[in-house]
Amino acid sequence: MLGGCSCCWLSLERMPLMRRSVLTVRSSQLRATLGGQVPVHRQLCSCPYSVLGVSRGATPQDIRSKYISLAKQYHPDTQQSTSCEKTFAKVHAAYLSLSDPEERTKLMDRQADAHALMAFAHAAAKGGHADEGLRAFLSAITVLPSDASKQYTELASALFVECTRAGRHQNVAVTQLKSAWQWMISMKSVDASSCNAWFKAAMKAGLFADAMAAHRLAAANGLEQGNYMIATLKQINHYRRTCPPKPASNDLDATKSDG
């Protein structure tokens, strides 16, 4: 449960070193950002360690010190912007998770389960069930800190490519593929295979802007472009050269009046 007085729900007694002006958070402001009474450490904070920028072995003093620093930086009273409010909400959620010994223990258990999910994803990939493996993978990365997730970049690429193969992509929602793609970008682990796979999947799903973004990423990083990407880009360029832009409505009206 979230504690605090009637006008704020950050407890002043729990953090005496912070000035009241920095601590005061109006419940209507922050609860709106947090989305109601759902426990914030479950709703907002995928990995508290990554949000606060501390290691898994951080002491309570390290966690509190980092929280105070980030809270002063992003507090709604000092930064009047929606993005800062959301960042502060995530920082506070992370602090709630890591400052409570019971919650921190539960988080460790969830991260242990996440590693087990990764093991299942690996087995699923080898056993021809990449769609199930990808779903397990996406569940796991919401809990694991980024430094622990990096070891699974090759697994992510293998699952992603397999899930976009002909005959398999219909078993995986395009939103799941996009989540995996965005995670690979964040981990800087996109290779030629995954880039070509996402380009094809995005084109077939009608996500043309995403497909072109994948093409630009491939070109910028010198990744080999597959036959489908090359052929598609040729068709697009040919269309642009041979098909003139449609005239505006006023041009059409002028043509009719001239006739």
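Not measured: the values here are computed from a predicted model.

Draft legend 1. Looking closely at the overall build of the chain. Along the backbone of the chain there are 15 helices and zero strands. Taken over 259 residues, the chain has a buried fraction of 39%. Sequence separation of at least 24 residues holds for 63% of the intrachain contacts in the chain that already meet a minimum separation of 6. Accessible area of the chain: about 14,600 Å², with a carbon and sulfur share of 53%.

Draft legend 2. View of the confidence of the model for the chain. Scored by pLDDT, the chain comes out at a mean of 75, with 74% of its residues at no less than 70. By mean pLDDT, the top-scoring element of the chain is helix H13 (residues 208-220) (95), and the lowest-scoring one is helix H1 (residues 20-23) (33). This model gives residues 1-45 a pLDDT under 50, and the stretch forms 85 contacts once residues within four places in sequence are excluded. Every residue in residues 250-259 scores below 50 in pLDDT, and together they form one contact with partners more than four places removed in sequence or on other chains.

Draft legend 3. Here's a closer look at the side chain of Ser194. Residue position: Ser194 is located in helix H12 (residues 192-204). Exposure remark for Ser194: the relative accessible area of 0% places this residue in the buried category. Here Asp191 takes part through its side chain, which lies 2.7 Å from a polar atom of the side chain of Ser194. Setting aside residues no more than four positions away along its own chain, Ser194 makes contact with Ser157, Phe160, Val161, Trp181 and Met184.

Draft legend 4. Quick look at helix H10 (residues 153-163). Of all eleven residues that make up H10, eight are buried, and the element is covered over most of its length. Thr153, Leu155, Ala156, Ser157, Leu159, Phe160, Val161 and Cys163 are the residues of H10 that are buried. Those residues of H10 that are buried lie in contact with helix H7 (101-126), helix H8 (130-141), helix H9 (146-149), helix H11 (174-186) and H12.

Draft legend 5. Here's a closer look at the packing of aromatic side chains. Per the counting criterion, the structure on display carries six aromatic pairs. Judged by centre distance (5.0 Å) and plane angle (85°), the ring pair of Phe137 and Trp183 falls under edge-to-face. With Phe137 in helix H8 and Trp183 in helix H11, the pair connects residues that are 46 residues apart, well separated along the chain. Counting every residue linked through ring pairs, the aromatic cluster contains Phe160, Trp181 and Trp198. A cation sits over an aromatic face here: Lys200 above Tyr228, 5.4 Å from the ring centre.

Draft legend 6. Representation of the environment of Lys150 within the structure. Tracing the backbone shows Lys150 in the loop between H9 and H10. Lys150 sits in the exposed class, given a relative accessible area of 52%. In this structure, the C-alpha to C-alpha distance between Lys150 and Met187, residues 37 residues apart in sequence, is 6.8 Å.

Draft legend 7. Spatial organisation of the packing of H12 against helix H14 (residues 227-242). Here H12 crosses H14 at 50°, and the two axes come no closer than 9 Å. With respect to each other, H12 and H14 are oriented oblique. Remark: the crossing between H12 and H14 carries left-handed chirality. Listed contacts from H14 to Cys195, Asn196, Phe199, Lys200, Met203 and Lys204 of H12 are Tyr228, Met229, Thr232 and Leu233. For the contact of H12 with H14, the per-class residue count stands at six nonpolar, two polar and two charged.

Parameters at a glance
- Residues numbered from 1 in each chain as written.
- Predicted model: local features only at pLDDT ≥ 70, side-chain atom pairs only at ≥ 80, totals over all residues.
- Heavy atoms only, no water.
- Helix = DSSP H or I, 4+ residues; strand = E, 2+ residues; numbered from the N terminus.
- Buried < 20%, exposed > 50% of the residue type's maximum accessible area, 1.4 Å probe, protein only.
- Contact = heavy atoms within 4.5 Å.
- Areas by Shrake-Rupley, 256 points an atom, 1.4 Å probe, with all protein chains shown as cover.
- pLDDT = per-residue confidence, 0-100.
- Polar contact = N/O pair within 3.5 Å; in protein donor to acceptor, adjacent residues only side chain to side chain.
- Phe/Tyr/Trp six-rings, centres within 6.5 Å; stacked < 30°, edge-to-face > 60°.
- Lys NZ or Arg CZ within 6 Å of the ring centre and 35° of its normal.
- Axes fitted to C-alpha atoms, helices over the stretch in contact; angles between N-to-C directions.
- Parallel < 35°, antiparallel > 145°, perpendicular 65-115°, else oblique.
- Left-handed = near helix turned anticlockwise from the far one by under 90°.
- Nonpolar A, V, L, I, M, F, W, Y, C, P; charged D, E, K, R; others polar.

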